[in-house]
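Chain by chain, the residues:
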Amino acid sequence: MAGGPGRYAWGEEEKAELLDLMETGNLFRYGEIGKDGFKGKVVTFENEMAERLGHKHVVATSSGTSSLLCCLAALGIGAGDEVIVPGYTFIASISSIVLSNAIPVLAEIDESLTMDPTKIEALITPRTKAIMPVHMLGNPANMDAIMEIANKHNLFVIEDCCQAVGASYKGKRVGTYGSLGAYSLNTFKTITSGDGGFVGTSDDDLYERAFGFHDQGHKPCRQGVEVGNRSMVGMNFRMNELSGAVALAQGRKLDTILGMLREKKARLKSQLQGIEGLGFRKINDEGECGTLLTLLFDTKELADKFCEKAGTAPIAKSGWHVYNNMEQILNRVTASPANCPYSCPKYEEPRKYYAHMLPQTDDILDRAVNISVGVVDKGLGAGTGINLNSTNEEIDQVAANIKAIIESCR
Ligand SMILES: *Cc1c(COP(=O)(O)O)cnc(C)c1O
């Protein structure tokens, strides 16, 4: 079964929340709890998630992509503004910038498979407005270094937490370091409501703007019709009560799921130590989600041989999440300084995105192979491995198989 750990954790709790709604059929996110059969699933989810993650505010949305758009809109990022984003991420990090009329500037990753902080400053121009670190595959980006650069250059930070719901870095959950965090609840993420997402922030003004953008410019949690008090236009990215009911039940399981993932990953990883030619990606904090185990081979040759025998592919060839494979942006001018409302001293030419423009990223992803722990997703190169419900015996068997395959590659 393809999907994330939340999908594997589906049970009576989700069913009960949905059945509760079936009694009354009031599926719109706004209302007064108890009136007209309104159950307030979405707003309860928002309040509980804010408390759980350490945000002052959470806005539930229709997806991680719409959450990113809300973050960008809340910060007023638009035409001509540049946003630095890693070249290894899901396309939505990049497309949300493009669709905000801003300009994505692709950054290298390091061996943590998240944005390399040492490569950020060279990308900063007078037009840079924000850095968007992505906590890839559940691993927190190096937030200390990124926040230091952002503060030094007066840049906003939007954390793309779509693959790392619940992860923590230095004792605080991801998404609470930047101005805002964007999260996804699609079927491949840590917890799921099928599709869905949310924005987290502790800034009252940004909350109001993110909320307004996710509705039609309304102030948070309106009651019915409200005219004359809308300061912006919005897109209607609201979550409905059906998704909210499932998200509520899944949110309550989040920390249990994370505990299980970390335990299973540790068991798998501990059996793969000390193998010649094999290492692992760098984990920036043990508070990572544990959704995947990323093998990092010493050479591309060994990674290729391993993958051929294991019936998988190195991340570089695994599809969607590598900029080299994003035909939507490659060799197209998606953003041009012509849109720029003020003079652009550094870039006379439109930004171009082309294959192999990030050699360090290419080298790392050529040698990296994802093994599923909780996220079973061929699109991530993690079609095989273990899942949330794997037994110890199954985990040990997978470890033994991986070891045997590597040995046979020599
Ligand atoms: C999944 C994902 C998104 C988008 O989430 P959707 O809910 O599918 O819109 C954005 N960024 C990253 C890094 C993701 O993995």
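Here the structure is shown first, and the text comes after it.
Note that the structure is a prediction, hence the values are computed from the model and not measured. Sequence positions are assigned chain by chain, starting from 1 and proceeding in written order. Only residues with pLDDT of 70 or above have their local features reported here, since the model is predicted, and side-chain atom pairs are shown and tallied only from 80 upward, although totals for entire chains, interfaces and linings are computed over all residues. By convention in this description, side-chain values take in all heavy atoms of the structure and omit both hydrogens and water.

S.K.: Tell me about the state of the cysteines, residues and numbers included.
M.R.: When the sulfur atoms of two cysteines come within 2.5 Å, that pair is taken as a disulfide. With the rule as written, the count across this model stands at zero disulfides. With no disulfide of its own, C161 lies closest to C162 among cysteine sulfurs, the gap being 7.4 Å.

S.K.: Report on the site of the ligand, specifying residues and quantitative values.
M.R.: Near the ligand lie 16 residues; those nearest to it are G64, T65, D160, S184 and K189. The definition of a polar contact used here is a pair of N or O atoms within 3.5 Å, where within protein one atom must be able to donate a hydrogen and the other to accept one, and adjacent residues in sequence count solely through side-chain atom pairs. Within the side chain of Q163, an N or O atom sits 2.8 Å from an oxygen atom of the ligand. Contacts to the ligand include S184, whose side-chain N or O atom sits 2.7 Å from an oxygen atom. Working definition of accessibility: Shrake-Rupley area with a 1.4 Å probe, residue cover restricted to the visible protein chains. In the complex, 94% of the free accessible area of the ligand, which totals 380 Å², lies under the protein chains. Elements that contribute at least two residues to the shell around the ligand include exactly α4 (64-74) and α5 (91-98). The class makeup of the residues in the shell around the ligand is five nonpolar, nine polar and two charged. One heavy atom within 4 Å of a molecule or strand is enough for the residue carrying it to be called near that molecule or strand. Strands are runs of DSSP state E lasting at least two residues, helices are runs of H or I lasting at least four, and both sets are numbered from the N terminus onward. When residues are sorted by character, Ala, Val, Leu, Ile, Met, Phe, Trp, Tyr, Cys and Pro go into the nonpolar class, Asp, Glu, Lys and Arg into the charged class, and all the rest, Gly among them, into the polar class.

S.K.: Can you break down unusual backbone geometry residue by residue, with the values?
M.R.: Phi is positive for L113, close to 65°, though the residue is something other than glycine. Position of L113 among the secondary structure elements: in the loop between β3 (103-107) and β4 (128-131). Of note in the backbone geometry, K170 takes a positive phi value of approximately 50° without being a glycine. With respect to the secondary-structure elements, K170 resides in the loop between β6 (168-169) and β7 (172-173). Burial classification: accessible surface area is computed with a 1.4 Å probe over protein chains only, and a residue below 20% of its type maximum counts as buried, one above 50% as exposed, and the rest as partly exposed. A relative accessible area of 52% means that K170 is categorised as exposed.

S.K.: I'd like a description of the pattern of salt bridges, backed by residues and values.
M.R.: The term salt bridge refers to a side-chain nitrogen of Lys or Arg lying within 4 Å of a carboxyl oxygen of Asp or Glu. In total, this model carries 26 salt bridges according to the counting rule given. Of the charged contacts, one joins R267 and D396 as a salt bridge, the two residues approaching to 2.8 Å between their closest N and O atoms. Highlighted residues: R267 in helix α8 (residues 241-270) and D396 in helix α11 (residues 392-408), separated in sequence by 129 residues. On the accessibility criterion, D396 (26% relative accessible area) is partly exposed.

S.K.: So what's going on with the sheet that holds strand β12 (residues 368-372)? Residues and values would help.
M.R.: Taken in spatial order, the three strands make up an open sheet running β10-β11-β12, and their pairing is antiparallel. Two strands bound the open sheet, and with one partner strand each, they are β10 (278-280) and β12. Recorded for the sheet is a direction-independent mean angle of 35° between the axes of neighbouring strands. Sheet contacts for α8: β10, β11 (292-297) and β12; angle to β11, the most-contacted strand, approximately 25°. For this analysis, residues touch if any pair of their heavy atoms sits within 4.5 Å. Note on definitions: angles span 0 to 180 degrees between N-to-C directions of axes, and those axes are lines fitted to C-alpha atoms, for helices only across the stretch in contact. Along the sheet, helix α9 (residues 300-310) makes contact with β11 and β12, crossing β11 at roughly 130°. At least two bridges found by DSSP between two strands are what make those strands a pair.

S.K.: Tell me about a nonpolar patch on the surface, and please be specific about residues and values.
M.R.: Together, L19, M22, L27 and L242 make up an exposed nonpolar region whose accessible area comes to about 350 Å². Take L19: its relative accessible area is 54%, and that puts it in the exposed class. Within this analysis, patches are made of residues with over 30% relative accessible area and no salt bridge. Like charges are joined at 9 Å or less; nonpolar side chains (Val, Leu, Ile, Met, Phe, Trp, Tyr) at 5 Å or less.

S.K.: Provide a residue-level description of the packing of α9 against α11, including the pertinent values.
M.R.: Following both chains from N to C, one finds α9 and α11 inclined at 125°, their axes separated by 9 Å at the closest point. Here α9 is positioned oblique relative to α11, judged by the angle of their axes. Relative to α11, the crossing made by α9 is right-handed. Contact residues: α9 offers F306, K309 and A310, while α11 offers I402, I405, I406 and S408. In terms of residue class, the contact of α9 with α11 is made up of five nonpolar, one polar and one charged. For classification purposes, angles smaller than 35 degrees are called roughly parallel, those larger than 145 roughly antiparallel, those between 65 and 115 roughly perpendicular, and all remaining angles oblique. By definition, turning the near helix anticlockwise from the far helix through less than a right angle yields a left-handed crossing, and turning it clockwise yields a right-handed one.

S.K.: How would you summarise the side chain of H218 if you had to cite specific residues and measurements?
M.R.: Along the chain, the position of H218 falls in the loop between α7 (204-214) and α8. On the accessibility criterion, H218 (6% relative accessible area) is buried. In this structure the side chain of H218 is engaged in a polar contact, spanning 3.5 Å, whose partner is the side chain of D215. In this structure, H218 is in contact with E208, F211, G212, E226 and R230, ignoring residues within four places of it in sequence.

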